[in-house]
Amino acid sequence: MQDNQKSTPEIYSSIDEYPEYLGNDLGLDYNQRFSTFKLWSPSASKVKLSFYDKAIYSEPIAIHYMDYSGEGVWEKKVEGDQSGKYYSFSVLHQGKWLMEVPDPYAKAVGTNGLRAQVVDLDKTNPANWSSDKRPALAAPTDIIIYELHMRDLSLHPAAGIKNKGKFLALTENGTKNNEDLSTGIDHLKDLGITHLHLLPSYDFNSVDESKLDSAQFNWGYDPQNYNVPEGSYATDPSDGATRIREFKQMVQALHKAGIRVVMDVVYNHTGATETSIFNQLVPDYYYRKNDNGSFSNASGCGNETSSDRPMTRKMIIESVKYWATEYRVDGFRFDLMGIHDIETMNSVAAALHQIDPTIFVYGEGWTAGDSPLPESDRATKINVPKLKNVAAFSDDLRDGLKGSVFNHREQGFVSGKIGNEESIKFGIVASTQHPQLDYKAVNYSNAPWAPQPHQCINYVSCHDNHTLFDRLKISNPNASDKQIERMHSLAQTIVLTSQGVSFLHAGTEFLRTKSGEENSYKSPDAINQLDWNRKTKYKKNVQYIADLIAMRKAHPAFRMGTTELIAKHLSFNSQCSEQLIAYEIDGAAVGDRWKKIFVVLNGSDQTKKVNFPHGRWKYAANGEVVFKNPKALGGSFGVPAQRPAIFYQD
Ligand code: CA
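Sequence positions are assigned chain by chain, starting from 1 and proceeding in written order. This being a predicted model, a pLDDT of at least 70 is required before a residue's local features are given, and a value of 80 or more before pairs of side-chain atoms are given or counted; all residues contribute to the totals for chains, interfaces and linings. Processing note: side-chain calculations cover all non-hydrogen atoms of the structure and skip hydrogens and water entirely.

### Looking at the pattern of salt bridges
Here is step 1 of the chain: By convention in these notes, a salt bridge is any Lys or Arg side-chain nitrogen within 4 Å of a carboxyl oxygen on Asp or Glu. Considering all chains together, one arrives at 33 salt bridges under this definition.
Here is step 2 of the chain: The residue arginine 333 makes a salt bridge to aspartate 264 at a minimum N-O spacing of 2.9 Å. Within this pair, whereas arginine 333 is found in strand S15 (residues 331-334), its partner aspartate 264 is found in strand S14 (residues 260-265), the two being separated by 69 residues in sequence.
Here is step 3 of the chain: Burial here depends on accessible area, computed with a 1.4 Å probe over protein chains only, as a share of the maximum for the residue type. Under 20% is buried, over 50% is exposed, and the range in between is partly exposed. Since its relative accessible area comes to 0%, aspartate 264 is described here as buried.
Here is step 4 of the chain: The partner of glutamate 624 in a salt bridge is lysine 540, with the nearest N and O atoms 3.5 Å apart. Of this pair, glutamate 624 sits in the loop between strand S24 (617-621) and strand S25 (632-633) while lysine 540 sits in helix H13 (residues 539-554), and the two are 84 residues apart along the sequence.
Here is step 5 of the chain: Salt bridges here are not isolated pairs; linked through shared partners, they connect Asp264, Arg333, Asp335 and Glu364. Put simply, DSSP marks the helices as runs of H or I at least four residues long and the strands as runs of E at least two long, and each gets a number from the N terminus on.

### Some points on the pairing of strand S6 (residues 73-79)
A regular strand places its side chains so that they alternate between the two faces of the sheet.
Here is step 1 of the chain: Pairing between two strands is assigned when DSSP locates at least 2 bridges connecting them. Here seven bridges tie strand S2 (residues 34-40) to S6, and the two strands are oriented antiparallel to one another. Opposite phenylalanine 34, over in S6, you have glutamate 79 as the bridge partner.
Here is step 2 of the chain: In terms of strand pairing, strand S5 (residues 67-70) meets S6 through three bridges, oriented antiparallel. Within the sheet, the bridge partner assigned to tyrosine 68 lies in S6 and is tryptophan 74.
Here is step 3 of the chain: The loop that links S5 with its antiparallel partner S6 comprises two residues; one of these, glutamate 71, has a positive phi angle of about 55°.

### Structural notes on the sheet that holds S5
Here is step 1 of the chain: Spatial strand order, S1-S2-S6-S5: four strands in an open sheet with antiparallel pairing. Across the chains shown, the open sheet's two edge strands, defined by having one partner strand only, are strand S1 (27-30) and S5. On average, each strand axis in the sheet is tilted by 30° relative to the strand beside it, whichever way the strands run. Throughout, an axis means a line fitted to C-alpha atoms (over the contacting stretch in the case of helices), and angles, computed between N-to-C directions, take values from 0 to 180 degrees.

### Describing the side chain of lysine 38
Here is step 1 of the chain: Along the chain, lysine 38 falls in strand S2.
Here is step 2 of the chain: What makes lysine 38 buried here is its relative accessible area of 13%.
Here is step 3 of the chain: Aside from chain neighbours lying at most four places away, what touches lysine 38 is Tyr21, Asp25, Leu26, Gly27, Met66, Val73, Trp74 and Glu75. Between two residues, a contact is recorded if the distance between any of their heavy atoms is within 4.5 Å.

So far we have only geometry, and geometry alone does not tell us how the molecule works.
Rendered as structure tokens:
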């Protein structure tokens, strides 16, 4: 079975000398007559390719030694139809055989992602896949994102969903809670969101796919195989084709419901460090290190990847391109994007926009720890001006609304804190340049960081930290339930009426609670799952959020396309004062049938009187209801405590 090597790689004195491979064919090239495997490992002196007939716990059925073909690449062509077989690589490194691991470019793996699998991708397409289309998207500021963990949607008994915790849960139509209200994908459709952002759904480490009957939960921020769907979300983790087909069925169902799909991608670190796939194949190359030789840890998870090295960057770019084409994923949310270098993020966005210019890229513009990467090269929030078609989360608005995530008792604009007004206005203009903003008074940023509004993701809560409901309870221990509901609704109203891109945490429309738990990354389903009975309890708020979303979609004035338009047509009113924000939008100037819009946000616990700017106004929304046939009002108006008031002239 052993083949003779054609040639051997050079000995390199440092990682920086490793040759870059420019081809786009690393991994497996499959057809029914033969399979070709290519692995980049310039540090290996021999490479072994082992075949198996089982996903785990079995002896190899064949072992091949790969041939060195130059540029750091090892190659092997295996005759015959190999589909269904599992395989792994191991490299001889400095005289020692390292662990057997899957192909880093593997498109299919078996149980627990321990072995790659040969799969005929053409056979993984669901029926009518060829007619699947991305839902229409005219402009990036039209985007309304809903952030969801796969299990949370379906685990609660009141979800009425059969495929609990599976990709297929999102393909079930007609599901209802105990009071006959829609759940699952129907609920998302009723709500009107444009993008569903799925927490990690690539293959991660922390859930044992061989023990799916036992209680397990994890967010999945511990990547193992970047190009394969997670096994615990498939009905059969041992079969690569099943994972792929069911993920595609989910995308197809969401697209049919008019919803685009966003993957949460975590290329910034891997779950394992020394034993990771990358370190077993090309030791140290894919990671940054400290001067003392230890792995640097900007992820806070034990390592950080080296996106600034060409073959790491290539791996990331090839991976997102693959998800965008094979699975028709419509957007990517980069975890701890600040660990990546600016050039990588710009290359990612450019490569995706070549496939489809409506694919949306955004990320967390920060790191979790320090990095050897110079600050000026990091894709952080402050460096968004150097990023093209990449957006970042606004922690300015998030914490301005409810208080710092690092100080649980701190209040924010919606819960009565004085002095947060400028941070809220900063969110309203999507962190862009606006002539009326006093940037020195903004909580975290002393200058606009979004060159264009679509580069700012406005939000108040997400999977991290407390849910908005829990946070408001903790920071306002003496507030009544009614007051908490008012604060909650005021925060959501501000997110959904601000310029930029709106982002909602799943279940926030029915005031999601995790029973006060701050970090539920491995908490039981009982803490994490969406309690669909709350949809009944907070039915009125769910309707209000759906109506606000509909209002945002119907009125371009709330989602202007450029910084210049916002600066020109959105003006803060002279009645702005402590705990009170008032602004007008010239709707007519941006093609809105509401010729003028007047928004008042009262963060105080007192009714505040405002004078209408000019003429008579119709009452559009009040924090509880979006009115259908409002009467015209004039003169002055008392905006109730912790309430928004939105008016228009048509
Ligand atoms: Ca897994």
